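Below, each chain spelled out in residue letters.
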Amino acid sequence: TNHASRRMYGWSTRLIEAIPGLDHGHHRGTLFGELHWALVSILETIAYDTLPHPLFSKLFRRDSVVAALFRNFILATRVLGSLDLHPASVPPLPHFRIRHHRAWKSWDAFMHDAMH
């Protein structure tokens, strides 16, 4: 399988680059800003629901840089998992529960609505 040619949503780079607000950071008044804030909420929901509370607090509430790192790891777990790749972390996180969490359906629906 050619991993480079596979796309999770089947969208071209040109379509993604045309998302309004892409050049305005995370301002919620733009489509890109809304997508960003929805994704952050979904990633933290997945973390809260899949991690023991002390670990969630340690990774997501003590340091904003560590929280961003682990949010990105959760996203990478899903994206890379679609390519049959499995990232590792310290501490180890429950990859299967993260990758197949029901909140991803909300993200997929949000993305579908935003792009159509």
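Residues numbered from 1 in each chain as written. Predicted model: local features only at pLDDT ≥ 70, side-chain atom pairs only at ≥ 80, totals over all residues. Heavy atoms only, no water.

Our next topic: the overall build of the protein. Helix and strand counts for the protein come out as 6 helices and 0 strands. Ordered by position from N to C terminus, the α and β elements of the protein give α-α-α-α-α-α. Within the protein, the fraction of its 116 residues that count as buried is 33%. Taking the contacts inside the protein whose residues are at least 6 apart along the sequence as the reference set, 51% of them involve residues at least 24 apart. When the accessible surface of the protein is split by element, carbon and sulfur atoms take 59% of a total near 7600 Å². (Helix = DSSP H or I, 4+ residues; strand = E, 2+ residues; numbered from the N terminus. Buried < 20%, exposed > 50% of the residue type's maximum accessible area, 1.4 Å probe, protein only. Contact = heavy atoms within 4.5 Å. Areas by Shrake-Rupley, 256 points an atom, 1.4 Å probe, with all protein chains shown as cover.)

This part takes up the pattern of salt bridges. By the definition in use, this model includes 4 salt bridges. The closest approach of N and O atoms between Arg71 and Glu44, which form a salt bridge, is 2.9 Å. With Arg71 in helix 4 (residues 64-81) and Glu44 in helix 2 (residues 31-50), this pair connects stretches of sequence that are 27 residues apart. Like Glu44, Arg71 is buried. For Arg78, the salt bridge is made with Asp108, and the minimal N-O distance between the two is 2.8 Å. Taken together, the residues Arg78 in helix 4 and Asp108 in helix 6 (residues 103-115) connect sequence positions 30 residues apart. Overall, the relative accessible area of 13% leaves Arg78 in the buried class. Given the relative accessible area of 25%, Asp108 is considered partly exposed. Each of the salt bridges in this network shares a partner with another, and the network as a whole consists of Glu44, Arg61 and Arg71. (Salt bridge = Lys/Arg side-chain N within 4 Å of Asp/Glu carboxyl O.)

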